[in-house]
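# Fold and geometry: a report
Next come the chains, spelled out residue by residue.
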Amino acid sequence: MTQTEFTALAERYKDTVYRIALNYYGSPYDADDTVQDVMLKLFQHKEPFESEEHVRYWLIRVTINQCRNGLRWARLRRHESLEDVHVSVQFQQPGQSRVYQEVMALPERYRTVLYLFYYEELSVSKIALLLGVKPTVVTTRLSRARQKLKTKLTEVWQNEQ
C-alpha cells in the first residue's frame, strides 16, 4: 500500500473506527488510542484488499478485536464517566442529545449492535460475523436494545411534558 492510498483510507475511516471504539470504551482517550493502533495495523497490512467494502469490514473487525483486547485491561485503567463523554459530542437537533445519552447508558453489547446496525448500516449477518456470534444473538440484542431505549425514552419524554 502506498502512502497516498493509506492516507486516503485513514481519512475516510478514522471516524468510523473512533465511533466504534468510543462505543466500546466510553472514553475518548481510549478511543483515540485505538484509532492509532488500528491505523498502524492498516499501514502495516501487506496483502491487497479486494474492494472498498473489504477494507471497511477489515477495519471494523480489527477495531472490535483491538477494543476487546483493550477491555481485558480495563479494570486497571481509569475511565471517564459517560456524562463527560456526552459533553464532547455535538448534535444538530436537541432530541439527539437525549437519545445519545440513553444509548450510551446501555450495556456495551447493546450499544455495539445498535451502532453497527444503524450507523454503519451493516446487516445482521455481517454484524454476527464481525462479533463472532450467531445472527440470532444479534437479532436478540437489537430487539432488547430497542425495547430498553423505548422504555427509557418514553419515561423521559413523559416526564418532560
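One structure accompanies this document, and this report is about it. Keep in mind it's a predicted model, so treat the numbers as computed, not measured. (Residues numbered from 1 in each chain as written. Predicted model: local features only at pLDDT ≥ 70, side-chain atom pairs only at ≥ 80, totals over all residues. Heavy atoms only, no water.)

## With respect to helix α1 (residues 3-25)
Of all the bends found along α1, the most pronounced is centred on Tyr-13 and spans about 45 degrees. Every buried residue belonging to α1 is among Phe-6, Leu-9, Ala-10, Tyr-13, Thr-16, Val-17, Ile-20, Ala-21, Leu-22, Asn-23, Tyr-24 and Tyr-25, and all of these are buried. Of the residues flanking the end of α1, it is Gly-26, one or two places downstream, whose phi is positive at about 75 degrees. (Bend = angle between axes of the 7 residues up to and from the residue. Helix = DSSP H or I, 4+ residues; strand = E, 2+ residues; numbered from the N terminus. Buried < 20%, exposed > 50% of the residue type's maximum accessible area, 1.4 Å probe, protein only.)

## Quick look at the side chain of Thr-16
Assignment of secondary structure puts Thr-16 in helix α1. With near-sequence residues (within four places) excluded, Thr-16 lies in contact with Ile-60, Tyr-115 and Glu-120. (Contact = heavy atoms within 4.5 Å.)

## Focus on helix α7 (residues 124-131)
Taken together, the buried positions of α7 are Ile-127, Ala-128, Leu-130 and Leu-131. Mapping the buried residues of α7 onto a view down its axis gives an arc of 165 degrees, with all of them on the same face. Positive backbone phi, at 75 degrees, marks Gly-132, one or two positions downstream of α7. (Arc of directions from axis to C-beta.)

## Focus: the packing of helix α6 (residues 108-119) against α7
In the contact formed by α6 and α7, the axes pass within 10 Å of each other and the chain directions differ by 135 degrees. Considering the angle they form, α6 stands oblique to α7. Both α6 and α7 take part in a crossing whose hand is right-handed. Seen from α6, the contacting residues are Thr-112, Val-113, Leu-116 and Phe-117; seen from α7, they are Val-124, Ile-127 and Leu-131. Class assignment of the residues belonging to the contact of α6 with α7 gives a composition of six nonpolar, one polar and no charged. (Axes fitted to C-alpha atoms, helices over the stretch in contact; angles between N-to-C directions. Parallel < 35°, antiparallel > 145°, perpendicular 65-115°, else oblique. Left-handed = near helix turned anticlockwise from the far one by under 90°. Nonpolar A, V, L, I, M, F, W, Y, C, P; charged D, E, K, R; others polar.)

## Focus on the packing of aromatic side chains
Centre-to-centre distance and the angle between the planes together describe a pair of aromatic rings. For the coordinates displayed, the defined rule picks out four aromatic pairs. The interplanar angle of 65 degrees and the centroid separation of 5.4 Å between the aromatic rings of Phe-49 and Trp-58 together place this pair among those described as edge-to-face. With a relative accessible area of 17%, Phe-49 lands in the buried category. Exposure remark for Trp-58: the relative accessible area of 19% places this residue in the buried category. (Phe/Tyr/Trp six-rings, centres within 6.5 Å; stacked < 30°, edge-to-face > 60°.)

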